[in-house]
Structure formats: C-alpha cells, structure tokens
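The lines below spell out each chain.
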Amino acid sequence: MITPPALSFKEIVKKIVRSIPSGSVMTYSEVAHRTGRPGASRAVGTIMSRNKDKNVPCHRVIRSDGKVGGYNGLRGGKSKIELLRKEGYLF
DNA sequence: AAAGTGACAATTA
DNA sequence: CTAATTGCCACTT
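Below you will find a few notes about this structure.

Reading the values: the criteria
- Residues numbered from 1 in each chain as written.
- Chains lettered and ligands numbered in written order.
- Predicted model: local features only at pLDDT ≥ 70, side-chain atom pairs only at ≥ 80, totals over all residues.
- Heavy atoms only, no water.
- Helix = DSSP H or I, 4+ residues; strand = E, 2+ residues; numbered from the N terminus.
- Rg over C-alpha atoms; globule rule 2.2 N^0.38 Å.
- Salt bridge = Lys/Arg side-chain N within 4 Å of Asp/Glu carboxyl O.
- Buried < 20%, exposed > 50% of the residue type's maximum accessible area, 1.4 Å probe, protein only.

**Things to note about the overall build of chain A**
Check the secondary structure of chain A and you find four helices and two strands. Along chain A, helices and strands appear, N-terminal first, in the series α-β-α-α-β-α. Taking 91 residues into account, the globule formula puts the C-alpha radius of gyration at 12 Å, and chain A, at 13 Å, falls close to it. Expressed as lengths along the three principal axes of its C-alpha atoms, the size of chain A is roughly 45 × 25 × 20 Å.

**Digging into the pattern of salt bridges**
Across all of its chains, the model carries three salt bridges by this definition. Across the salt bridge formed by Lys14 and Glu11, the nearest N and O atoms sit 3.7 Å from each other. With a gap of three residues between them, Lys14 and Glu11 both fall in helix 1 (residues 9–18), about one helical turn apart. For Lys14, a relative accessible area of 16% corresponds to the buried category. In this structure Glu11 comes out as partly exposed when scored by relative accessible area, which is 32%. Across the salt bridge formed by Asp65 and Arg63, the nearest N and O atoms sit 3.1 Å from each other. Via salt bridges that share partners, Glu11, Lys14 and Asp53 belong to a single interconnected network.

Structure below.
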C-alpha cells in the first residue's frame, strides 16, 4: 500500500478552498477547522497571502465577521465583494 | 534555527 | 455601532 502523502497545513488549506463551490463562501475559521487546526484562522490567511496557486479561489474565503477580509487581487483587480456578488453570494 | 510577518478572531473600551 | 488590544498559528526570511 502506498504511503499516505503527509499534506502540510497549507496543502490542505488549498485543497479545501478549491472545493468551495461557486456561490458559497467559507470563513477562515471554518477552513482552519477543516484542516484540523482549529484556531489557526490566522495561519490560513497567511498562507493565502503568500499562496500563488490560482487553482484556489481564495476570494471565496471570508472573515467570520461577515466581512470579506483582504485580497491580493486588489492590484488592478476588483475586491472579493465584486467577485462573490457575481457568483451569487449576497451580503 | 530564530525572529518577524499577517488576507483572523474575540474581547474590552 | 466602531476602534483598539491581545492571543493565536503557520509561513517567510
């Protein structure tokens, strides 16, 4: 049997965020719980900020306060709010 | 390896 | 209601 690839925290986070369907959002805290590190909500944000994988719709990850949080695509792009609204998520 | 960083969260004022 | 503070965790350098 093959050895299970020990996915790092960030690898799991990317996997989770990638699985977020369009029109839905997940909070950083929720993602952290899913990764097995509840309370690591901050670490999730840190990873996203340094994440270069476009396969991960990081704009679908918002704060538990209901706010969108930050986004690296602000540069010449639009805010997460615009993207989420396009996907059908109303605040 | 150690210190610094930050796209968060909860509490207090 | 908003602003400021503290605690937390993993990543980057």
